[in-house]
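Structural description and commentary
The lines below spell out each chain.
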Amino acid sequence: MKRTQTSLPILIIGNGIAGITAARHIRKNSNQRIVVISKESDYFFSRTALMYVFMGHMKWEHIEPYEKSFWKKNKIELIQDEVCSIDAKSKSIRLKSNDIYSYDSLILAVGSTPNLFGWKGQELNGVQGLYSKQDLEKLDKWSSTSRKAVIVGGGLIGVELAEMLHSRGIHVSFLVRESSFCGNVFPKGESELIGKHILAHGIDLRYNTNLVEILSDDNGRARGVITDKGEQIDCELVGLTAGVRPNIDFLKDTELEIGRGILVDSMLQTNLEDVYAIGDCAELKTPQPHRRSIEAVWYSGRMMGETIAETLTKKPTPYLPGNWFNSAKFFDIEYQTYGQVTAEPNSDELQFYWELNEKNCAIRIAYKKENNQFIGINSFGIRLRHVEIDNWLTQKIKVDEAIEKLSTAFFDPEFYPNYHKQIKSAWKQYQN
Amino acid sequence: MEAISKLNWLAVGKNTALIIGLSGLGLLFLPLISPIFSSSIWLTTALLCIVVGTLFYSNFLYKNSPAGIKNNGVWFDGLSNRGVLGWFIAMALTGFYIVLYFYPEILGYNSEKSTGLIAFFDPLSLFMNGNPASQWFVYGCLYTLAILIFGVKFIFKYRSNPYQIIRTLSVMFFQFGFAFLIPELLTLFNPDTPYFAKDLKNMWPLNYSFFDSWHLKNMLNGGNLGIFMLLSGVLMIFVVSPILTYQYGKRWYCSWVCGCGALAETAGDPFRQLSSKKISVWKLERWSIHVILVFVLLTTIAVIWSFLSSNPNLSSFSRETFVIGTVSFLSVLIALIYFFKRKEMDKDAIYSMLSIGIIIVGTLSIQAFSGGKHVLFINSYTLSKWYGFGVGAAFSGVLGVGFYPLLGSRVWCRFGCPMAAILGLQQRLLSRFRITTNGGQCISCGNCSAYCEMGIDVRAYAQKGQNIVRSSCVGCGICSAVCPRGVLKLENGSPKNRTDIPNYPLGNTL
């Protein structure tokens, strides 16, 4: 059932992966007018690649996945402006430039903003998070006059920021609240493996350490931090990377139903008619089992974009992501995960762990206690074939079978060492 | 403090190594000023300085941090971002090539007795092939030396990746053994045979003069070795290459064996990111490489045709048989491809098919409108000379290598190499090779595209969950190596479904 064509556009607020995926797929199926509004950048860029621009691996133009002609060719109108208000009754929005746009459908894909926890001195010059293009520009500015930096918060963005600053010869102290790296996400083995690797790169990684206060110099620029151990660390740059939260402050005065994010039902629809929210900013009222209500993840944003495009151009389609997967890179160690592997196995689960410490390789396989069903895998330093593992999860194969045919899922380049034998024998040992 | 002093030592070591290497390079040019410096001791010193300097430089550059590919600062450095240093090196290299090809006397070349840089290499040349050095011997030495030393540097940089290490050892081996050592030794042991190319791996049409009249005659008059080279040359093109390309893609040649590829992959590695990824440049590439393909094939056909016309006694078949054979072969080829593969063709393949069509028409025109030495009213040897000048020298040398720091390391391979065009057509349509995209794991970061020396927008495929099957891909594997999320894998598998386009990348239940 194709919706009736109107001259009113589908308005998309935000040109990140969620909004742009939606725009692309809507255009594939429909000729309806599409307008994308962003305050951040002229063109879509890969947020995950910001770090590579800072490190000099790429220029800005390289992290824009589509040439400028793409947007014109596909009749996707791009507007750089800021949304001030949304009027659901007249189905229109007002921009900072005072332009008013009426919409047929409105898709909010407004992303995240870094978490700040009210630290003393968090507003000083040289103190910042890392999320947006503007953050990157700030970082470029402050880092040019910095010799030492402190990073607070040990998530993926924290490690990335550490690698970035380190690449420019800035000495980095990295404060982590937990007693091991990412201890709430990774089990102990992986957590220690990454921690050791970060130290090997010359990062001053400090566990069990919290930020108390950021010190200012006479010009309002950060000059150091004080930790909860009473220690003072001198620095000119402070990176606050304690996670992100939905970027919803500017929507507080609207009629939108807001929780931690913009609340949406399984169709990604908000409480307002023809208004949808996707990506980092959306909070699912009823997430799928084993999924979080807010997933600030590239892949989730992309899948929500695909789903909303189906809904708006074909038929109402609920957001039903398949098996969970994710990936990251910690300095030189690549990480992939599929299915569910928790930091501590749930009471009805068991986990098998294999590690080759000197090669920075590790595999963890989670399975059900009662029927040995394979439910997830973590892999460090070994690439795995997504389609293969995805099939295993869907088919609910047994853990023995998964380990027996693990090498069919290896995705490392040719001539890489194959550790299947070692993993198999470790599995036998573990069972005895 | 300790960390800082360590950094200082590294910087001192690195700079010292750089100075030693550059002094070696400088020593090479001293004989141009005075013959005093032209002795085997100075030559040995110069070459040693270059080797030792580069090796220590690489060691200081890469060994201080854990293994893992780091392209830190590539776009901040004037050498690798088309800055002043890049332009300077491009000018110097281009100048060197112009002198080498068109004004070798500046280097000391003299048909009677050379002096200067060329005579400097006499001791090595006499030792290896029994003759005084020619400008081509000097060039061969420097070319091979560059591949060896920068090959080692490359291995330092990519030491975390066995595919890169083995592939680089392979190009170093083929350059040093097949292109450099064996031909010189064969010349040493067969001093009386006329000249013909003795580099087994340098196939026609990359070696465009293989079928030239003089070359054919010299091979036919070159005893067992000559006949062997002729037969193996033909065997390589029509049997070995198609089998290997079917099994492994054109990478078996372009990034494992070929000498041009070897230089691009080693000395050219710092410049790989400079290739343009624009769609408009892809269009240019399609035109350029196919025009050259048509030109080199027609030239070769014309040259063979003239050879058969003027030397009917040297061959067992007539020029008419040759024309009929060529036209039939190409027609059958084009018909088979169309019949079986018409659904899998992209624009690259269509252009290649059109090129073959034009060659068929061209071949028939040669037969219809030519007489004696004149092919289509032009002397075929003039045509061949033009090609040698325009494409062989100006394009592959001056532009191809001289412009490394401006246009990237594979300008010649991408826009000019007729061999690459032929292998590319097969790779696109009839090969087990592809770069597999790992389900939905792509984050569109762009590292793969940025570091593709062939200017392929790898990301455009990966972010759609589509495999990369492109005529131009030389299979260097760097896209896979620099991918931060383990998305790309070069592999050989069933030719079925390798070009399928999924509706969505893996992950969603749509």
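Residues numbered from 1 in each chain as written. Chains lettered and ligands numbered in written order. Predicted model: local features only at pLDDT ≥ 70, side-chain atom pairs only at ≥ 80, totals over all residues. Heavy atoms only, no water.

As for the overall build of chain B
The criterion, for reference: Secondary structure elements are taken from DSSP: a helix is a run of H or I of four residues or more, a strand is a run of E of two residues or more, and numbering for both begins at the N terminus. We compute the radius of gyration over the C-alpha atoms and compare it with the globule rule, which gives 2.2 Å times the number of residues raised to the power 0.38. Only protein chains enter the accessibility calculation, which uses a 1.4 Å probe. A residue is then buried if its area is under 20% of the maximum for its type, exposed if over 50%, and partly exposed in between. Any two residues having at least one pair of non-hydrogen atoms within 4.5 Å are treated as being in contact. To be clear on the numbers: accessible area is Shrake-Rupley with a 1.4 Å probe, and residue cover counts the displayed protein chains and nothing else. In this tally Asp and Glu are treated as negative and Lys and Arg as positive; neither His nor the chain ends contributes. Every charge is mapped to an atom, namely NZ of Lys, CZ of Arg, CG of Asp or CD of Glu.
Of regular secondary structure, chain B possesses 21 helices and four strands. Since a compact globule built from 510 residues should have a radius of gyration of about 24 Å, the 24 Å found for chain B is in line with a globular shape. With respect to the principal axes defined by its C-alpha atoms, chain B has extents near 80 × 75 × 35 Å. Across the 510 residues that make up chain B, the buried fraction comes to 56%. Put simply, of all contacts in chain B between residues at least 6 apart along the chain, 75% involve residues at least 24 apart. As displayed, chain B offers around 21700 Å² of accessible surface, 71% of which is attributable to carbon and sulfur atoms. Taking the 39 positively charged and 20 negatively charged side chains of chain B as two groups, their mean positions are separated by 9 Å.

Describing the interface of chain A and chain B
What counts here: Note on terms: buried area is the combined drop in 1.4 Å-probe accessible area of two parts once they are placed together, counting the loss on both. Whenever a carboxyl oxygen of Asp or Glu lies within 4 Å of a side-chain nitrogen of Lys or Arg, that contact is scored as a salt bridge. Pairs of N or O atoms are called polar contacts if they sit within 3.5 Å, as long as, within protein, a hydrogen donor faces a hydrogen acceptor (for residues adjacent in sequence, only side-chain-to-side-chain pairs).
The partner chain B presents 59 residues to the 61 residues of chain A that form the contact. Together, the buried faces of chain A and chain B total about 4600 Å²; carbon and sulfur atoms form 49% of this surface. For chain A, the biggest contributors to the area lost against chain B are His57(A), Phe411(A) and Glu414(A); these three give 14% of the whole. Taken together, the connections running from chain A to chain B amount to three salt bridges. In this structure, Arg251(B) and Glu414(A) form a salt bridge, with 2.8 Å as the shortest nitrogen-oxygen distance. Remark: the boundary between chain A and chain B carries 39 residue pairs in polar contact (both at pLDDT 80 or more).

Details of the pairing of strand S23 (residues 349–356) of chain A
All names here are of chain A. Defined as follows: Two strands make a pair as long as DSSP finds a minimum of two bridges between them.
Relative to strand S24 (residues 361–368), S23 runs antiparallel, the two being bridged by eight bridges. Bridged to Glu349 within S24 is Lys368. Following S23, the chain reverses through four residues before pairing antiparallel with S24; Asn360 in that reversal takes a positive phi of roughly 55°.

Comments concerning the side chain of Ser143(A)
Residues and elements named next belong to chain A. Relative to the assigned elements, Ser143 resides in helix H4 (residues 133–143). A relative accessible area of 5% means that Ser143 is categorised as buried. From its side chain, Ser143 meets the backbone oxygen of Leu139 in a polar contact 2.7 Å long. With sequence-adjacent residues up to four places away left out, Ser143 is seen in contact with Phe54, Leu165, Arg168, Ile170 and Leu237.

Observations concerning the pattern of salt bridges
Residues and elements named next belong to chain A. Throughout the structure, instances matching the rule amount to 39 salt bridges over all chains. Measuring nitrogen to oxygen at the nearest pair gives 2.7 Å for the salt bridge that ties Glu77 to Arg33. A residue pair is termed long-range when its members are at least 10 positions apart, and Glu77 in strand S3 (residues 76–80) and Arg33 in the loop between helix H1 (17–29) and strand S2 (34–38) qualify at 44 residues. Overall, Arg33 belongs to the partly exposed group, its relative accessible area being 34%.

Here we look at the domain arrangement of chain B
Residue and element names in this part refer to chain B. The criterion, for reference: By convention here, the domain bounds are inherited from an automatic or database domain assignment.
On domain assignment, one finds that chain B holds domain 1 (2–272), domain 2 (277–422) and domain 3 (432–509). Taking only C-alpha atoms, the centre of domain 1 and the centre of domain 3 are 31 Å apart. Taken together, the 21 residues of domain 1 in the interface contact 20 residues of domain 3. Taken together, both faces of the contact between domain 1 and domain 3 bury some 1600 Å²; the carbon and sulfur share is 50%. Per-residue buried area on domain 1 facing domain 3 is highest for Lys250, Arg251 and Arg272; these three make up 39% of the total on that side. Linking domain 1 to domain 3 there are one salt bridge. Between Glu453 and Arg272 there is a salt bridge; the shortest N-O distance is 3.6 Å. On inspection of domain 1 and its partner domain 3, the count reaches eleven residue pairs in polar contact (both at pLDDT 80 or more).

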